[in-house]
Structures are given as C-alpha cells and as structure tokens.
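Notes for the structure review
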Amino acid sequence: MAPRPYAALAADADGALVTSALQIDRDVTHDAAGYVRTDVAAHVADGLRAHPGDRLVRQLARCAKEYGCRAAANSFIGRWECALPLAAPANERPPAAIAARRDGEAMPTESAAFHPTTDEVARLALDHVAAGGTIVSFGRACEGEPLLVARDVEDAIVRIRAGTREGTIHLETNGSVPGSLRRIVSSGLDSITFRIMSARAATYEALHAPDGYRFPDVRASIRLAADLRLDTSVLVLVLPGLFDRPDEVDALISLLGDLAPGSSVLLRDLHADPYRALALSPERGQDPMGVAGAVDRLRRELPHLRLAAFLRPLMRVPHVP
C-alpha cells in the first residue's frame, strides 16, 4: 500500500492511544473493483497483447503500472470507472507545495504523452462499457482542464452515444469556462465533479493560481450544472487549519447552497505539507473550529446534500482545546 497522510499518537493516563486526527478517505488497500494492485499487472499484460498497436492502451498501461491509477487500471479490468485521457492543457498552476502528486510521493503526476483522436477515445470508452464498465471519465487531476478542449470532449461524447446508451459519461473539472460546460452538457454528459480548495475568492485564487479565469466563473459553472439538473458533485480538498476556519466554512456553505437537492459533497485530504500550504493563504482569518466541527456544520446547514466525508476516528479522539 502506498504511504498515506499520518498523525501523531500519544498515550493517555490509562495507556490508551489517542490522536486528534480523523480519517476522511477510504482504505486504499484494494481498488474500487476489489482488486489488489498486484493483480493489475496481469490484466494490463492481457490488454497490451490484445491491442498491441493502440497507443491509448499503452498510455493507460503506464498510468496503471507506474502511477497506480485505479481509473486507468479499470480500463483493463473492465469494471467501474475508466479514465479517458485527452492531454488537455492546464489553466491553473498551484504552488509546488499543493500541486497534484503521486500518492505519497514527491514526483508530480504525468499527463498523457500524446493527444489522442476523439475516435480513439470513443473506441476505448465503448470497449470499456462493453466489457462491463459503468463509467467513463474526462478530466482526471493529471489531465489538465477538459473545458479547454471542449470540442474534443463534445465530439467524443457524440461518438460514444452513437455506439451505446449504456454507461455514465462523467467530467471532472475546475469549472473555469461556463460556456464550454453548457455545450458539453448538451452533447450528452451525464455527471460532473468540480474540484476546489476554497470557496473564498481570495483564497481560491492564491491556491489554484488560475490562468484566464476567476472564481466567479467557477461559481457560474456550479450554478449552471444545478440549473441543468446535471448529476453534480463538488470535491473539496481539505487542509486542516484552512478548511475549518469559520469564514471558509461560511463561504463553502454559500457556494454549496447553489447545488440541487441530492448533489454530493466529497471531502478528500489535500496531501500537502501543512506549514508550507497554510503559508500560502492570503489572510489568517479566524481561528479554526476543527475539521470534525466544520463537517458537522456542513451536515446541519446543507441537509439537502449528500456529504461523503468518510469520517471515522483513527483512535479515540480526545478534546483538543
């Protein structure tokens, strides 16, 4: 299993281990389809033998084997979600302290080495659905921003839907280009996930370093998804000490209030050095209330949303003044 975020432990007067940490992510010993990572190699080898000249299959094989990408591995297993690389450019350049990274390691994630045709992408998606897969996704975190290649996404979706009505077509995005999102939705998109590190404009722009867009564009895209009744999730990258500041929670509740009933809020660890990451915040604001307190407030004030925080105590959680 790859290294994961960690927390300090201490013994109380009775000798019991205690920590102030909370787990907000799933156990990754097994991937979503129930396969341990050592099983992936055999599936990848079979896929490469079956498609020896397919460069998109070769790219996904690299992502599955060298980077442990479960969405790439699933394309060889024929289950759950399959990533559809487009080699989209990036329009946000977060500081190195919080840039996307390989799980538990210092090396950045790697984008696709070539720009596939929409015919190649559609063929991969159709093969995945025919093999039993349920979701095909544009815009993985290492992929740049798919809204910047909206015509390619539109064309690929049209080709996929010409071949099958089965499966969910999903988009993961920063929501930077509302006009492009509208066109992609009209082509047959089924669901969407927006990624954010903060719902306050100043903090968002300090952390995401947007290029050619601003936070109001993100909010407009989220409102558009709600208006169009798209199956919507907002993935919030959690940094204790920032996420749980009262002003940050206020802004997040305001933003998430735009979502339609039944939408999802996904909380995930930011995987960042807390001292370096917190130093990037433009202002300190109020004292944090604690991650558990912030999550409780989200649940109370946004009862119409599904909150997927996976909050479980690692050990007995003491009171922290």
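Structure: above.
The rules behind these values
Sequence order as written defines the numbering, with residues in each chain counted from 1. Reporting of local features is limited, given that this is a predicted model, to residues whose pLDDT is at least 70; pairs of side-chain atoms are given and counted only at 80 or more, and all residues count toward the totals for whole chains, interfaces and linings. Water and hydrogen atoms were dropped before computing side-chain values, which therefore reflect all heavy atoms in the structure. Axes here mean lines fitted to C-alpha atoms, for a helix over just the part in contact, with angles spanning 0 to 180 degrees between N-to-C directions. Per the convention used, a helix needs a DSSP run of H or I reaching at least four residues, while a strand needs a run of E reaching at least two, with both numbered from the N terminus. Contact definition: two residues touch when any of their heavy atoms are within 4.5 Å. Gly falls in the polar group here, along with every residue not listed as nonpolar (Ala, Val, Leu, Ile, Met, Phe, Trp, Tyr, Cys, Pro) or charged (Asp, Glu, Lys, Arg). By this rule, a helix spans an expected 1.5 Å times one less than how many residues it contains. Throughout this description, buried means an accessible area under 20% of the type-specific maximum (1.4 Å probe, protein chains only), exposed means over 50%, and partly exposed covers the range between. To obtain the arc, one takes the directions from the helix axis to the C-beta atoms. When the centres of two rings from Phe, Tyr and Trp lie within 6.5 Å, Trp using its six-membered ring, the rings pair. Their planes under 30 degrees apart give stacked, over 60 give edge-to-face, and anything left gives tilted. Throughout, the term roughly parallel applies to angles under 35 degrees, roughly antiparallel to angles over 145, roughly perpendicular to angles from 65 to 115, and oblique to all others. Definitions for this section: a left-handed crossing has its near helix turned counterclockwise from the far helix by less than a right angle. A right-handed crossing has that turn clockwise. A pair of strands is treated as paired once DSSP finds two or more bridges between them. Nine residue types can take part in a nonpolar core, namely buried Ala, Val, Leu, Ile, Met, Phe, Trp, Tyr and Cys, and a core is a set of them joined through side-chain atoms within 4.5 Å. What counts as a salt bridge is simple: a side-chain nitrogen of Lys or Arg found within 4 Å of a carboxyl oxygen of Asp or Glu. For this text, the term disulfide refers to a pair of cysteine sulfurs within 2.5 Å.

Running from amino to carboxyl end, helix α2 (residues 55–66) crosses helix α4 (residues 118–130) at an angle of 65 degrees, the nearest separation of the two axes being 10 Å. On α4, the residues that touch Arg 55, Leu 56 and Leu 60 of α2 are Glu 120, Val 121 and Leu 124. Here the residues of the contact of α2 with α4 sort into 4 nonpolar, no polar and 2 charged.

Looking now at helix α5 (residues 150–163). Every α-helix carries 3.6 residues per turn, so stepping three or four residues along brings you back to the same face. Taking 1.5 Å of rise per residue, 14 residues should cover 20 Å, and α5 covers 20 Å from first to last C-alpha, within 8% of that figure. The set of residues buried in α5 consists of Ala 150, Val 153, Glu 154, Ala 156, Ile 157, Ile 160 and Arg 161. All buried residues of α5 fall inside an arc of 165 degrees around its axis, so they share one side. Opposite the buried face of α5, at more than 90 degrees from it, the exposed residues are Arg 151, Ala 162 and Gly 163. Residues of α5 that are buried in the fold lie against α4, β5 (135–138), β6 (168–173) and α6 (178–186).

What follows is about the packing of aromatic side chains. Applying the stated criterion across every chain, the model contains 2 aromatic pairs. Their ring planes at 55 degrees and their centres at 5.1 Å tell us that Tyr 204 and Phe 215 sit as a pair that is tilted. With Tyr 204 in helix α7 (residues 201–208) and Phe 215 in helix α8 (residues 215–227), this residue pair connects regions lying 11 residues apart in the sequence. Of the two residues, Tyr 204 and Phe 215, neither departs from the other in class, the shared state being buried. Put simply, the rings of Tyr 204, Tyr 213 and Phe 215 pair up and form one aromatic cluster.

Once that is clear, we can look at α8. Taking 1.5 Å per residue, 13 residues should reach 18 Å; α8 reaches 19 Å between its end C-alpha atoms and fits that length. Elements that come into contact with the buried residues of α8 comprise α6, β7 (191–196), α7, β8 (231–238) and α9 (246–256). At the C-terminal side of α8, Arg 229 shows a positive phi close to 60 degrees.

This part covers the packing of α9 against helix α11 (residues 291–301). Remark: α9 packs on α11, axes separated minimally by 11 Å, with the N-to-C direction vectors making an angle of 30 degrees. For the element pair α9 / α11, the angle class is roughly parallel. As α9 packs across α11, the resulting crossing turns out to be right-handed. Residue-level inspection shows Pro 246, Val 249, Asp 250, Leu 252 and Ile 253 of α9 in contact with α11, the latter providing Ala 294, Arg 297, Leu 298 and Glu 301. Taken together, the residues of the contact of α9 with α11 break down into 6 nonpolar, no polar and 3 charged.

Bringing the sheet that holds β8 into the picture now. Read across the sheet, 7 strands follow the order β4-β5-β6-β7-β8-β9-β10 without closing on themselves; strand pairing throughout is parallel. Each edge of the sheet is formed by a strand with only one pairing partner; in this case those strands are β4 (81–83) and β10 (306–308). Each strand axis lies, on average, 25 degrees off the axis of its neighbour in the sheet, ignoring direction.

Bringing the nonpolar core into the picture now. Ranked by size, the top nonpolar core spans 67 residues in total, and within it Leu 84, Phe 138 and Phe 243 carry the most contacts. Dropping the residues within four chain positions of it, Phe 138 is found in contact with Leu 84, Leu 86, Val 121, Val 153, Ala 156, Ile 157, Ile 160, Ile 169, His 170, Leu 171 and Glu 172. In terms of nonpolar packing, the next biggest core, distinct from the first, is built from 9 residues, Ile 98, Leu 239, Ala 277 and Leu 278 among them.

Locating Ala 162 in the fold gives a position in helix α5. As for Ala 162 and Leu 126, which are separated by 36 residues in sequence, their C-alpha atoms are 9.9 Å apart.

Moving on, we come to the pattern of salt bridges. Scanning the model with the defined rule gives 18 salt bridges in all. With a closest N to O distance of 3.8 Å, Asp 119 and Arg 159 form a salt bridge. Note that Asp 119 is positioned in helix α4 and Arg 159 in helix α5, a separation of 40 residues in sequence. Judged by its relative accessible area of 40%, Asp 119 is partly exposed. A salt bridge links Glu 154 to Arg 183; the shortest N-O distance between them is 3.5 Å. Here the residue Glu 154 occupies a position in helix α5, and Arg 183 occupies one in helix α6, the gap between them amounting to 29 residues. Look at Arg 183 and you get partly exposed, because its relative accessible area is 39%.

Within this structure, the stated rule accounts for 0 disulfides. Take Cys 69: it sits in no disulfide, and the sulfur closest to it among the cysteines is that of Cys 63, at 6.0 Å. For Cys 69, a relative accessible area of 22% corresponds to the partly exposed category.

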